[in-house]
Amino acid sequence: MQEGPLMKSSFRVCGKCGHGLSQYNPDPLCASCSRGGDIARIPDRAWRDEQVRRALSAWDFGELLRLLRRRSGLSQMAVRSLTGLTQSFISDLERGRKHLGGGEAIIDFLNGLGLPADLRPLLLTPFGEPDRGASNGPLDPALPWNADRMVTSLEFAVGGVMKRRGVLALSGAGLTQYVLQSTIAAPEAMASMSPNGARVTIPLITSLEATTDALRHMDASSGSGSLAATSLGHLKILVRLLKHGSYDEARGRRLAAATADAATQAGWYMFDGGNHAKAQRLFLAALRAAHASGDSRLTAAALSFLAIHGYSVGDPRDAVTAARTARLSISDRDAPALQAMLLTRQARGHARLREESAARAALEEARALCAQGRGEDDPRWLYWIKPGEILGQTASCLLDLGRPTEAAESFDAARHELSQEEIRTTAQFLSRAATAHMQTKNPDAGWGIAQEVLSLVDGVHSARLDDHLRSMLGEVRRFEDSPAARDLLERGESVMKGRAAA
């Protein structure tokens, strides 16, 4: 593991020394430079204390801080200078009344305290009792990040057979551990596991990458449908090549990259088809393959889908953590479009949590980045990040925040950006637009858009779209006294019956 800061802690840097600024520090200078002199530091001997190490392993940051202050003689004001946290927050953190809010805050905090590099692996220690991770099997956050474990996770994810209570989905602290591992775990070697196996060539990898791209474009048009099973078959081929193929380090990393992309897409098809638990397992396995590839953009992509999982069917706080960690992982890349996409995912999490100011700030930054155009490092598959996408995501956030009038205006502004070829995506967009209009004082506009949606969805197979349709029709039921609404409901119920029978 490299020396220096745990990871880049902020997109803002000190105007004097150039070091990253804590997210809690609103000033242009770090605490040390702003004071113009030396400040107290936590001595190495304090970090070596057994109780300190135990608190770090358990992610008990309040106890960690209390112990470090006791063993170093630092005041809460000195800790404030190191971390940028307020004195009241420090006091509440030590008493267990407050907690650090997500991965980026944890990283800022530990960087400020000067966590020694050789103690960083303690962050990968699982919580609780020694056998706690057994129930999560290959999802255990404590498993090492090496090629063997990557293949194990991928095989588990594509296998599909498990006892209902045998494996639990990760969330909260366990998921945060896993997410952080994707950025702080030591690099893994990608030499072939089977040097005598079939030779993996660049043309072969290229053809497999093209298959993933073709499936991606099919999904945007007609939904997951049969793609879930097809993509799993495609992914199994890649996993077999990783396990049994013969390749050097360079080809191994490219094969891992192709596998990460395919696993992320397979997870998305599962999610779109309503299999949320399997989707998460595929996203987590994709994170391991992305880590092995060495391409932080693929790590960001997998984290972006974990964010969707979080704000849609899980804990929105997990969505914020995943998106912010993804942004940090690509902070050294010229990828404004990818950053913008991640900011919209972060905003959706904030909106579900009703954190309006944070959601609006993320969306404003996303708009500014999108206006820059594509960067040198923006991935080729991110073709759909355009001003209309930002407007649409803004509208969805506003809908979640209980701002239907603003949401309807934003949806209307985004409509000209819709692609006629991406039918599933367009139908989902319009269903939310119809819902927003029906929540305003002009429901007639919403009914008209709803009729458009019902005309689009024939032949599009997507459980996620079905959820949007049900929400839209639920909004229509508020107006059952209107003949137009009753006609729309009758048509909508007929469409939903047909979709259920398909």
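Note that the structure is predicted; figures quoted are calculated from it, not measured. (Residues numbered from 1 in each chain as written. Predicted model: local features only at pLDDT ≥ 70, side-chain atom pairs only at ≥ 80, totals over all residues. Heavy atoms only, no water.)

(A) Inspection of the overall build of the protein at higher detail. In terms of helices and strands, the protein carries 23 helices and zero strands. For the protein, the proportion of contacts with a sequence separation of at least 24, taken over those separated by at least 6, is 71%. If you sum the accessible surface of the protein, you get close to 21,600 Å²; carbon and sulfur atoms cover 50% of it. (Helix = DSSP H or I, 4+ residues; strand = E, 2+ residues; numbered from the N terminus. Contact = heavy atoms within 4.5 Å. Areas by Shrake-Rupley, 256 points an atom, 1.4 Å probe, with all protein chains shown as cover.)

(B) Spatial organisation of the pattern of salt bridges. Applying the stated criterion to the full structure yields 29 salt bridges. Of the charged contacts in the structure, one is a salt bridge between D315 and R317, with a shortest N-O distance of 2.9 Å. A salt bridge links R367 to E364; the nearest nitrogen and oxygen atoms lie 2.8 Å apart. Of the two residues, R367 and E364 are both situated in helix α17 (residues 356–371); the distance of three residues between them amounts to about one turn of the helix. On the accessibility criterion, E364 (45% relative accessible area) is partly exposed. It is possible to trace a salt-bridge network through shared partners that takes in D213, R216, D261 and R380. (Salt bridge = Lys/Arg side-chain N within 4 Å of Asp/Glu carboxyl O. Buried < 20%, exposed > 50% of the residue type's maximum accessible area, 1.4 Å probe, protein only.)

(C) How the structure looks around the layout of surface pockets. Here the largest pocket is characterised by a volume of approximately 1,300 Å³. If you go around the largest pocket, you meet 50 residues; those closest to its centre are E389, Q393, T425, Q428 and R464. Secondary structure elements with two or more residues in the lining of the largest pocket: α10 (202–222), α12 (249–272), α14 (296–313), α16 (336–352), α18 (387–400), α20 (423–438) and α22 (463–476). Residue composition of the lining of the largest pocket, grouped by class: 17 nonpolar, 17 polar and 16 charged. (1 Å grid on protein atoms, 1.4 Å probe; cavity = no way out; pocket = protein on both sides within 12 Å on 5 of 7 lines; lining within 4 Å. Points joined across faces, edges and corners; volume = space filled by probe spheres on them. Nonpolar A, V, L, I, M, F, W, Y, C, P; charged D, E, K, R; others polar.)

(D) Region of interest: helix α8 (residues 147–159). A rise of 1.5 Å per residue sets the reference length of α8, with its 13 residues, at 18 Å; its end C-alpha atoms lie 18 Å apart and thus fit the reference within 8%. Along α8, the positions that sit buried rather than exposed are A147, M150, V151, S153, L154, F156, A157 and V158. Where α8 is buried, its residues touch α9 (172–184), α11 (227–244), α12 and α13 (276–293). (Expected span 1.5 Å × (residues − 1).)

(E) Representation of the side chain of D295 in the model. Mapped onto the fold, D295 is located in the loop between α13 and α14. Looking at D295, the relative accessible area reads 16%, which means it is buried. Within the structure, the side chain of D295 is placed 3.3 Å from the side chain of R333, a separation counted as a polar contact. Dropping the residues within four chain positions of it, D295 is found in contact with A290 and R333. (Polar contact = N/O pair within 3.5 Å; in protein donor to acceptor, adjacent residues only side chain to side chain.)

(F) Quick peek at empty space enclosed by the protein. Tallied over the entire structure, the rule returns one cavity of 30 Å³ or more. Taken as a whole, the largest cavity spans an internal volume of roughly 30 Å³. In this structure, the largest cavity is lined by T212, L215, S231, H234, A262, Q265, A266 and Y269. Contributing elements (two or more residues each) for the lining of the largest cavity: α10, α11 and α12. Per element, the largest residue contribution to the lining of the largest cavity is four residues, and it comes from α12. Residue composition of the lining of the largest cavity, by class: four nonpolar, four polar and no charged.

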